[in-house]
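Chain and residue survey
Spelled out from the first residue to the last, the chains are:
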Amino acid sequence: METKKRFKMYKAGKKWLVAGIFVVGLAVGIGVPTAANAAATTVISPSTAVDSVAASKVASSANQTPSSATTAQTSAASSAVGQPSSAATEINSAASQAPVSSAASQGSSALTPASSATASSAGTTSASSAVTASNTASSAAPANTASSAAPANRQASSAGTTVTSGAAAASSADQTQTKPATSSASSASQVTNSAAASSSAASSAAIPTNGWLDNNGTAVYYQNKQKANGYVNTGKNAYFFKNGVQQWGVQKMNNTYYYFNQNNYSMVKNGYEKSQWGDWYLFGNTGAILTDVQKWAGTYYFFDHKTYLRLDNNYIKSRWGDWYLFGKNGQIQTDVQKWANSYYFFDHKTYLKKTSNYLKASWGDWYMFGQNGQIRTGFVNWANRTYYFNSKTFLKETNTTVKSGNTSYHLDASGVLRTTNSKIEKAIESGMALVGRSPYDWGGGRTAASIAAKSFDCSSFIHYVYATAGVNLGDYKTAVTWSEAALGQAVSWSNMRRGDIFFFDADGVTEDHVAVYLGNNLFLHDSPNSPTGGVGVSDITEKFWASLADGIVRRVV
């Protein structure tokens with residue numbers, strides 16, 4: 001009887017044991033797959049990550065519903081890993097408004113850019129919850145997240161009691177690092193708002209007083225906790241910012257322009273740089289943009305005062321008043337250069353235009369340039385002589401005959417204009433030998449001593465030069481202008497030619513001065529008003545002499 005009683009109790013106990021095992025197995029069978037499935041929906045994204053503990057807290061609150069909370073252990077496990085997509089979206093939205101911070105321990109944070117390191121931190125926190133780490137690792141993009149989740153894989157393979165223990169540990173960690181939820185039934189929106197506020201507070205704390213912060217992959221510089229704007233000098237280099245972001249290229253500052261390097265963003269000094277829109281500009285030793293004539297790369301250029309661009313193919317006045325020619329590549333020009341349908345010569349040292357000069361080109365030929373600097377052709381007076389320059393080649397003609405009006409002239413081997421009359425040429429050459437060497441002497445030239453001293457006035461000088469050529473113009477002791485005006489043959493002014501003598505009226509005196517015509521408006525005479533103050537060569541077209549010429553011309557040879 002006693003044996004039967006014990007058997008019945010054994011059978012009853014066995015039934016309850018089986019029932020208990022069934023209930024425990026059911027509980028474990030439901031809780032683990034639910035947590036695992038919830039973890040499979042969790043995506044850790046480094047670009048939008050916030051404090052990892054806050055994220056798990058939001059996920060926990062959002063996933064706790066009466067239908068999923070079978071037991072206290074199941075609810076805790078679900079809270080540790082569950083993250084509905086709606087809550088994650090709100091967290092991502094809040095996180096995108098501020099720089100990212102990564103929870104290190106006990107709520108402390110370090111300033112880091114959004115990167116794989118944030119994802120690694122989030123993965124590690126999930127691993128500490130010891131729930132379905134395999135799914136968590138597979139959903140994280142960076143490779144280092146998977147390595148952080150490796151310990152969780154081992155925990156997931158443990159018994160159901162270990163899972164429950166891990167969930168409890170996760171709950172404990174939440175309470176330590178973040179403000180706990182007031183109720184397991186708190187709404188997802190309330191927790192999301194709390195997470196956003198936490199993220200905002202962390203962002204404010206993350207902003208440096210002076211320094212850099214990585215904002216979603218963009219480096220941002222702060223000054224006095226404000227995003228830097230404008231010029232910032234760090235001591236070693238100078239930079240330009242807009243809303244904290246470094247700028248490159250041409251930037252306006254202090255009513256002028258500067259250039260900042262595209263690679264390191266530092267200010268460029270003494271550089272010719274291409275702007276972000278393609279034009280080139282020159283910047284000086286202070287970094288400011290330059291204008292006017294500037295030296296660069298061993299030569300000179302001109303930069304426009306309004307556009308700052310280099311000017312090419314232009315003859316331009318500098319700020320100090322001198323004019324310079326710049327070629328097709330913008331470089332300053334020297335030597336013979338074509339400009340405005342003519343040719344000019346620019347000095348090799350001063351770069352200035354040369355005037356009234358006979359100059360040798362870089363290729364060896366010589367050219368004559370007039371008073372305005374233009375190359376000359378035709379008859380040209382140079383160094384008291386007359387030459388002729390070809391109208392096509394611009395070169396001096398030699399050993400040939402040219403005609404001027406009705407008169408033909410011979411150009412000798414040096415290109416000097418002459419006549420074919422040897423007496424005239426000898427008389428002129430004797431007079432030319434005294435240019436600049438015989439001061440005017442009124443009354444001189446009428447004694448043997450004064451003649452020997454080459455001391456003459458205007459009329460005695462004319463008598464002397466023709467006497468050396470064998471032409472007798474009367475007694476040298478009595479030679480005067482009005483006596484010489486009666487010699488030889490009268491010729492019209494328009495037919496005057498080389499070797500003729502002609503007269504000027506001065507001080508109300510007719511035929512007060514006399515000279516010998518050289519050709520091409522030049523004349524040889526002895527006068528205190530000549531360029532030398534005595535024997536010299538003047539130009540009949542000069543206003544002073546043109547106003548005195550009286551039109552009387554005599555051909556004495």
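Residues numbered from 1 in each chain as written. Predicted model: local features only at pLDDT ≥ 70, side-chain atom pairs only at ≥ 80, totals over all residues. Heavy atoms only, no water.

1. A closer look at the nonpolar core
Our working rule: To qualify as a nonpolar core, a set must consist of buried Ala, Val, Leu, Ile, Met, Phe, Trp, Tyr and Cys residues joined through side-chain atoms within 4.5 Å. The buried label goes to any residue with under 20% of its type's maximum accessible area, the exposed label to any with over 50%, and the partly exposed label to all in between, with areas taken from a 1.4 Å probe on protein chains only. Under the DSSP-based scheme used, a helix requires at least four consecutive residues in state H or I and a strand at least two consecutive residues in state E, with every element numbered from the N terminus. Whether two residues are in contact is decided by their heavy atoms: any pair within 4.5 Å suffices.
Grouped together as the largest cluster of nonpolar side chains are 27 residues, with contacts concentrated most on Phe 461, Ile 462, Tyr 466, Ile 501 and Leu 524. Secondary-structure elements contributing two or more residues to this core are α11 (422-432), α13 (458-468), β27 (501-506), β28 (509-519), β29 (522-526) and β30 (535-539). Broken down by element, the residue count for this core peaks at six residues, all from α13. Apart from residues no more than four positions distant in its own chain, Leu 524 is found in contact with Ile 428, Gly 431, Met 432, Val 435, Phe 461, Ala 515, Val 516, Leu 518, Val 535, Gly 536 and Val 537. Listed in part, the ten residues of the second largest apolar core include Phe 504, Tyr 517, Phe 523 and Trp 545.

2. Some points on the packing of aromatic side chains
How we decide: Two rings belonging to Phe, Tyr or Trp (six-membered ring only in the last case) form a pair when the distance between their centres is within 6.5 Å. Interplanar angles under 30 degrees mark stacking, angles over 60 mark edge-to-face geometry, and anything in between is tilted.
Using the criterion set out here, one finds 32 aromatic pairs in the structure. Note on Phe 523 and Trp 545: the rings are 5.7 Å apart at their centroids and 80 degrees apart in plane angle, and the pair reads as edge-to-face. Linking Phe 523 in strand β29 with Trp 545 in helix α15 (residues 543-546), this pair joins segments that are 22 residues apart in sequence. Judged by its relative accessible area of 3%, Trp 545 is buried. Linked through ring pairs, Trp 493, Phe 502, Phe 504, Tyr 517, Phe 523, Phe 544 and Trp 545 together constitute an aromatic cluster.

3. With respect to α11
Test applied: Side-chain atoms alone can form a polar contact between residues adjacent in sequence; in general such a contact is a pair of N or O atoms within 3.5 Å, and within protein one must be able to donate a hydrogen while the other accepts it.
Those residues of α11 that fall on the buried side of the exposure criterion are Ile 424, Glu 425, Ala 427, Ile 428, Ser 430, Gly 431 and Met 432. Structurally, α11 contributes buried residues whose contacts are with β22 (385-389), β25 (417-418), α13, β28, β29 and β30. Its side-chain oxygen at 3.0 Å from the backbone nitrogen of Lys 423, Asn 421 defines the N-terminal cap of α11.

4. Examining the pattern of salt bridges
Applied cut-off: A side-chain nitrogen of Lys or Arg and a carboxyl oxygen of Asp or Glu constitute a salt bridge if their distance falls within 4 Å.
On inspection of all chains with the given rule, the structure shows nine salt bridges. For Arg 418, the salt bridge is made with Asp 412, and the minimal N-O distance between the two is 2.8 Å. For Arg 446, the salt bridge goes to Asp 457, with nearest N and O atoms at 2.8 Å. Taken together, the residues span a long stretch of sequence, with Arg 446 in the loop between α11 and α12 (448-452) and Asp 457 in the loop between α12 and α13 at a distance of eleven residues. For Asp 457, a relative accessible area of 5% puts it in the buried group. Counted as one network, the salt bridges with shared partners bring together Arg 385, Asp 412, Arg 418, Glu 425, Glu 429 and Arg 498.

5. Here's the deal with the environment of Thr 291
Along the chain, Thr 291 falls in the loop between β12 (280-283) and β13 (292-296). Taking the C-alpha atoms as reference points, Thr 291 and Tyr 308, 17 residues apart in sequence, are found 5.9 Å from one another. When near neighbours in sequence (up to four residues on either side) are disregarded, Thr 291 contacts Phe 303, Asp 304, His 305, Tyr 308 and Arg 319.

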